[in-house]
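# Breakdown of the fold
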Amino acid sequence: MFNFDYYNPTRILFGTERIADIGKHIPADARVLITYGSGSAKKFGTVDEARAALGNRKIHEFAGIEANPHFDTLMKAVDLVKEKKITFLLAIGGGSVVDGTKFIAAAALYHGDVWEMWSKKLPIKRVMPLGCVMTLPATGSESNGTAVVTHTGLGAKVGYSHPLLFPQFAVLDPRKSYTLPARQVANGVVDAFVHVIEQYLTYPAYGKVQDRFAEGLLLTLIEEGPKALIKSENYNVRATITWSATLALNGLIGVGVPQDWATHRIGHQLTALYNLDHAQTLAVLLPALLHVQRDTKHLKLLQYADRVWNLREGGEESRITAAIDKTRDFFESMGVKTRLSDYGLPESAIDEVMDNLERFNMLPQGEHQDIDAVAARRILSLSY
Ligand code: NZQ
Ligand code: ZN
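Residues numbered from 1 in each chain as written. Chains lettered and ligands numbered in written order. Predicted model: local features only at pLDDT ≥ 70, side-chain atom pairs only at ≥ 80, totals over all residues. Heavy atoms only, no water.

### Remarks on the overall build of the protein
Check the secondary structure of the protein and you find 14 helices and 8 strands. The C-alpha radius of gyration computed for the protein amounts to 20 Å, which stays within 12% of the reference 21 Å derived for 384 residues, consistent with globular compactness. Overall, the C-alpha framework of the protein stretches about 65 × 45 × 45 Å when taken along its three principal axes. One way to put it: in the protein the 41 positive side-chain charges average out to a point 6 Å from where the 42 negative ones average out. (Helix = DSSP H or I, 4+ residues; strand = E, 2+ residues; numbered from the N terminus. Rg over C-alpha atoms; globule rule 2.2 N^0.38 Å. Lys, Arg positive; Asp, Glu negative; His and termini not counted. Charge placed at Lys NZ, Arg CZ, Asp CG, Glu CD.)

The following block contains the structure:
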């Protein structure tokens, strides 16, 4: 096991009616900006619940943070923060709203070129405090220090991580996910699943605790994910998926072990260029990546086949192939298609993605830094 720092300062307020408690965690004299997306937070009453919990505090709202939040939109919120002398940010929505609000928190107190800071990952010294009400279990953004922002003018989707970007608190009320369309429920399950895989399916590093946690999360998502598609209002199913998604990317399972974020990094290019949902990109790329990387991931693929899919018969290569096929079938069973052609992308998409990966210096990737341009192209070709 490698050396590690484990740090997670986010207070989780889990369960029903927890929005009522946010006032205890925001200064009484705070001037609060509530941020949200295209309207679900307003339509389903969550903004009103938050307003009620904030009592007499001065409150402003910023609506319209889109999926895969855009730099230009977020900079408008930064202007509002300055104009209204905001002192606390409250994000209500999915990963896009929470990520966007993390960006606002950093940008509002940054002196200098904000996109340069973000894209070159320059250090930040201060951020505005933020909390969130997570309405879509998926990204883990509610209790990590990462955010991903899209610059449409540049065709770039760029992640940034900093310990100051952890939300101070996250409300996780599983009932908030009842109003999600099936597509977003499925996206969330697939995203969380792939987060676990990318911290688990590398090479053995005697991370026994991390491995068992990871396998537990994978098995849970495989069991509970399909149930959430059958009946939308099942509290225990939604609670289990919500907590799984948080644990998948709150830092815990990734400590002390190798990680491989290639599926995510290549996937971000597909979203930036073709606007695929984040989880759709992962469902397409992960099976292909596992095929291309099957030799370097051999031992962990066998462990995954055995412990997650109960595949113990036959030769090693056939068990590995079966485990990759099971992974693809799981995504398909959740209703998330696993081929680029399923989304109507032209074959020229491969060249476009390769251009982006090279333009933004994103290669090599992988736990051994061995996913170079040749391997990335093979992964994309196999994704068709
Ligand atoms: O815009 P609104 O009205 O909020 O509607 C959203 C949006 O249309 C809707 N929605 C959210 N909660 C709802 C709801 N609709 C009905 N009822 C509810 N309770 O769902 C749609 C998708 O929302 P979005 O926030 O875009 O989805 P998700 O949570 O999957 O977030 C995706 C973004 O997170 C980034 C992705 O790259 C992408 O930009 N990620 C962030 C990570 C992180 N911070 O650690 C890690 C992830 O790997 C990921 O990269
Ligand atoms: Zn993700």
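The discussion continues.
### Brief notes about the site of ligand 1
Close contacts around ligand 1 come from 31 residues, with Gly95, Ser96, Asp99, Lys157 and His264 the closest. Within the side chain of Asp99, a nitrogen or oxygen atom sits 2.7 Å from a nitrogen atom of ligand 1. Among the elements of the structure, α4 (95–107), β6 (146–151), α6 (182–200) and α9 (262–274) are those that each provide at least two residues to the shell around ligand 1. Taken together, the residues of the shell around ligand 1 sort by class into 8 nonpolar, 19 polar and 4 charged. Taken together, domain 1 (11–176) and domain 2 (182–383) each give at least three residues to the shell around ligand 1, which thus spans both. (Near = heavy atom within 4 Å. Polar contact = N/O pair within 3.5 Å; in protein donor to acceptor, adjacent residues only side chain to side chain. Nonpolar A, V, L, I, M, F, W, Y, C, P; charged D, E, K, R; others polar. Domains from an automatic or database assignment.)

### Considering the coordination of the zinc ion (ligand 2)
Taken together, the protein ligands of the zinc ion (ligand 2) are Asp191 (OD), His195 (NE2), His264 (NE2) and His278 (NE2), with distances of 2.0 to 2.1 Å. The motif formed by the donor residues of the zinc ion (ligand 2), counted along the single chain, is D-x3-H-x68-H-x13-H. With Asp191 in helix α6 and His278 in helix α10 (residues 278–292), this pair connects stretches of sequence that are 87 residues apart. On the basis of relative accessibility, which here comes to 16%, the residue His278 falls in the buried class. (Donors = N, O, S within 2.8 Å, 3.2 Å for Na, K, Ca; no water. Buried < 20%, exposed > 50% of the residue type's maximum accessible area, 1.4 Å probe, protein only.)

### Concerning unusual backbone geometry
Cis geometry is found at the peptide bond from Leu363 to Pro364, where omega equals 0°. Along the chain, Pro364 falls in the loop between α13 (349–359) and α14 (373–382). With a phi angle near 60°, Glu17 is a residue other than glycine that sits in the positive phi range. For Glu17, the location among the structural elements is in the loop between β1 (11–14) and β2 (31–36). Despite not being glycine, Asn68 shows a phi value in the positive range, around 55°. Take Asn68: it is sitting in the loop between β3 (58–62) and α3 (71–83).

### Examining empty space enclosed by the protein
The final tally for this structure, using the stated rule, is 3 cavities of 30 Å³ or more. Empty space within the largest cavity amounts to approximately 50 Å³. Looking at the lining of the largest cavity, its residues break down into 5 nonpolar, 3 polar and 3 charged. Size it by volume and the second largest cavity reaches roughly 40 Å³. In this structure, the second largest cavity is lined by Pro137, Leu180, Gln184, Val185, Gly188, Val189, Ala228, Arg238 and Ile241. When residues of the lining of the second largest cavity are traced back to their parent elements, those giving at least two are α6 and α8 (235–248). No other element matches the 4 residues that α6 contributes to the lining of the second largest cavity. When the residues that make up the lining of the second largest cavity are grouped by side-chain class, the tally is 6 nonpolar, 2 polar and 1 charged. (1 Å grid on protein atoms, 1.4 Å probe; cavity = no way out; pocket = protein on both sides within 12 Å on 5 of 7 lines; lining within 4 Å. Points joined across faces, edges and corners; volume = space filled by probe spheres on them.)

### What to know about the domain arrangement of the protein
Structurally, the protein comprises domain 1 (11–176) and domain 2 (182–383). Look at where the C-alpha atoms of domain 1 and domain 2 centre, and you get two points 27 Å apart. Together, the buried faces of domain 1 and domain 2 total about 1,800 Å²; carbon and sulfur atoms form 62% of this surface. Taken as a group, Pro137, Lys157 and Pro174 account for 29% of the area that domain 1 buries against domain 2, more than any other trio of residues on that side. Summed over the shared surface of domain 1 and domain 2, the number is 0 salt bridges. If you look at where domain 1 meets domain 2, you find 4 residue pairs in polar contact (both at pLDDT 80 or more). (Buried area = accessible area lost by both parts, 1.4 Å probe. Salt bridge = Lys/Arg side-chain N within 4 Å of Asp/Glu carboxyl O.)

### Description of the packing of helix α7 (residues 208–230) against α8
Between two packed helices, the angle of one axis relative to the other and the distance separating the axes together describe the packing. Between α7 and α8, the shortest axis-to-axis distance is 9 Å and the interhelical angle comes to 140°. Between α7 and α8, the angle is such that the two are oblique. In this structure, α7 crosses over α8, and the sense of that crossing is left-handed. Residues Leu217, Thr220, Leu221, Glu224, Gly225, Lys227 and Ala228 of α7 lie in contact with α8, whose contacting residues are Val237, Arg238, Thr240, Ile241, Ser244, Leu247 and Ala248. In the contact of α7 with α8, the residues fall into 7 nonpolar, 4 polar and 3 charged. (Axes fitted to C-alpha atoms, helices over the stretch in contact; angles between N-to-C directions. Parallel < 35°, antiparallel > 145°, perpendicular 65-115°, else oblique. Left-handed = near helix turned anticlockwise from the far one by under 90°. Contact = heavy atoms within 4.5 Å.)

### As for the nonpolar core
Side chains that are nonpolar tend, in soluble globular proteins, to be buried together. Phe193, Leu218, Tyr304, Trp309, Phe330 and Phe331 are the most contacted members of the largest nonpolar core, which has 67 residues in total. Look past the residues within four positions of Phe193 in its chain and what remains in contact with it is Leu218, Leu221, Ile222, Tyr304, Trp309, Thr327, Phe330 and Phe331. Membership of the second largest hydrophobic core comes to 38 residues, among which are Leu33, Val98, Phe103 and Met117. (Core = buried A, V, L, I, M, F, W, Y, C linked by side-chain atoms within 4.5 Å.)

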